[in-house]
Amino acid sequence: MVRTQIMKVFIIGLGGVTNGGKTTLAKRLSKQLPNCSILCQDDFFKPESEVEVDERGFKQYDVLDALYMEEMVRTIHSWMKNPTDSSVSITESKSTHKSLKSTEDIHILIAEGFLLYNYEPLNEVWDRRYFLTIPYEECKRRRSTRVYQPADPPGYFDGHVWPMYLKHKREMEENTNNIVYLDGTKSEEDLFSHVYNDIVQELETWKKTNMHEQVNRTERQFKSLPDNQQNLLPQFLLHLDKIRKCIDHNQEILQTIVNECKHMFENKEYGEDENGKIVPASTFDMDKLKSTLKQFVRDWSETGKPERDSCYQPIINEIVKNFPKER
C-alpha cells in the first residue's frame with residue numbers, strides 16, 4: 001500500500017496598491033523561504049475583449065469582474081491538496097534560515113495581487129496577510145514608468161486606477177481583520193527584512209500553537225482523497241475528533257492555570273506589556289508549556305500510570321519498607 005502523506009501548508013497574502021512592490025518582495029521572499037511557491041493574481045486577468053468599458057472609455061481592469069477569481073480560488077485549493085504536484089511552480093530557495101529548519105516540512109504559497117482581500121472565498125485561506133501602501137504622488141510616478149498592455153490612456157490613473165484602489169481599500173478595512181500594513185516607500189532591503197522576520201516568527205508560532213487549524217487542514221486534505229483511499233482508514237475522522245477534544249480539554253486546563261497567574265511572582269507579570277498590548281509567547285515559553293503538560297499526563301492521567309509506577313513505585317516501596325506503619 002502506498003502511504004499518502006498529509007502535507008502542512010502555509011498561505012501568505014501579499015496585497016496592496018499598484019506598483020507598491022508586491023512582485024519584487026514576493027520573488028525575494030520565495031528565494032529564502034523553504035518549499036515556497038508564488039501565485040500572481042495578474043495571471044488571472046480576463047482577455048481585453050471581456051473587460052468592461054465605462055462611459056469615459058476606460059477599461060475597468062481594477063475591479064474583481066476583470067479577473068477569473070473562481071479559477072484563482074480553484075488553483076489555490078488544488079495547491080493546498082498537493083503542493084508538490086501543482087500547476088504553481090516552486091521556487092528553489094538559496095538558503096534556509098536556521099530558525100526555519102524545523103519548518104522545512106511546511107509548504108508555503110505567496111499569493112500576490114491588488115485585490116486579494118475583497119473576494120470572500122479567498123479570505124478563508126490566508127494564514128498571514130500583508131498590504132503594501134504608497135502615497136498618491138509616488139504611486140502615480142511609478143505607474144508612469146511602467147509599460148502596460150494595453151497602455152494606460154490619458155487620465156486613466158486619476159479616473160480609474162486610484163479611485164478603485166481607495167474604494168477597495170475601504171471595503172477591505174471594513175470587512176477584513178489581521179492585516180499587516182507595509183510602507184512601500186521603504187527600501188527593498190527594509191521591506192524584505194521586516195516581512196521575512198515576521199514570517200519566520202509566525203511560522204514558528206503557527207507550527208507550535210495552531211493545533212486546531214492543523215487538524216482542520218488535515219481533515220480537509222483527507223476528505224479530498226478518493227473514496228477508495230479514505231476507506232483504507234475508516235477510523236481516521238474519529239481519530240481527528242478525539243484530537244480536537246484533547247486540544248479543547250488541554251485549553252480548559254491551561255486557562256484554569258493561567259486565570260490566577262498574572263501576579264504569581266512579585267518580580268514578573270504576564271499577559272500584557274506597559275502599553276496594554278498582549279505579549280506573544282516565546283519559543284522558550286512554548287517548550288516549557290509542553291514539558292509541563294507532559295508532566296501532568298505522567299503524574300495524574302491513566303495514560304501516564306506505567307511511567308508513574310516505574311518512577312515513583314520503587315521509592316514508595318522503599319519508604320514503606322523502611323518506615324512501616326507499625327512503627
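Residues numbered from 1 in each chain as written. Predicted model: local features only at pLDDT ≥ 70, side-chain atom pairs only at ≥ 80, totals over all residues. Heavy atoms only, no water.

A few points about the nonpolar core
Burial of nonpolar side chains together is a common tendency in soluble globular proteins. One finds Ile11, Met72, Ile76, Leu122 and Trp126 to be the most contacted residues of the largest nonpolar core, which totals 39 residues. At 7 residues, helix H4 (residues 156-175) tops the list of elements feeding residues into this core. Those residues in contact with isoleucine 76, other than ones at most four positions away along the chain, are Ile11, Leu39, Leu109, Leu122 and Val125. Counting residues in each nonpolar core, the second largest holds 24 residues, with Phe10, Ile38, Ile108 and Val180 among its members. (Core = buried A, V, L, I, M, F, W, Y, C linked by side-chain atoms within 4.5 Å. Buried < 20%, exposed > 50% of the residue type's maximum accessible area, 1.4 Å probe, protein only. Helix = DSSP H or I, 4+ residues; strand = E, 2+ residues; numbered from the N terminus. Contact = heavy atoms within 4.5 Å.)

Structural notes on the pattern of salt bridges
Applying the stated rule across the entire model yields 16 salt bridges. Ionic pairing is found between aspartate 54 and arginine 56, a salt bridge with its closest N-O pair at 2.8 Å. Given the relative accessible area of 14%, aspartate 54 is considered buried. Arginine 128 is the partner of glutamate 202 in a salt bridge, and the nearest nitrogen-oxygen pair spans 3.7 Å. Here glutamate 202, found in helix H5 (residues 188-209), pairs with arginine 128, found in strand E5 (residues 128-133); they are 74 residues apart in sequence, far enough to count as distant. Residue classification places glutamate 202 among the partly exposed positions, given a relative accessible area of 22%. Via salt bridges that share partners, Glu219, Lys223, Asp241 and Arg244 belong to a single interconnected network. (Salt bridge = Lys/Arg side-chain N within 4 Å of Asp/Glu carboxyl O.)

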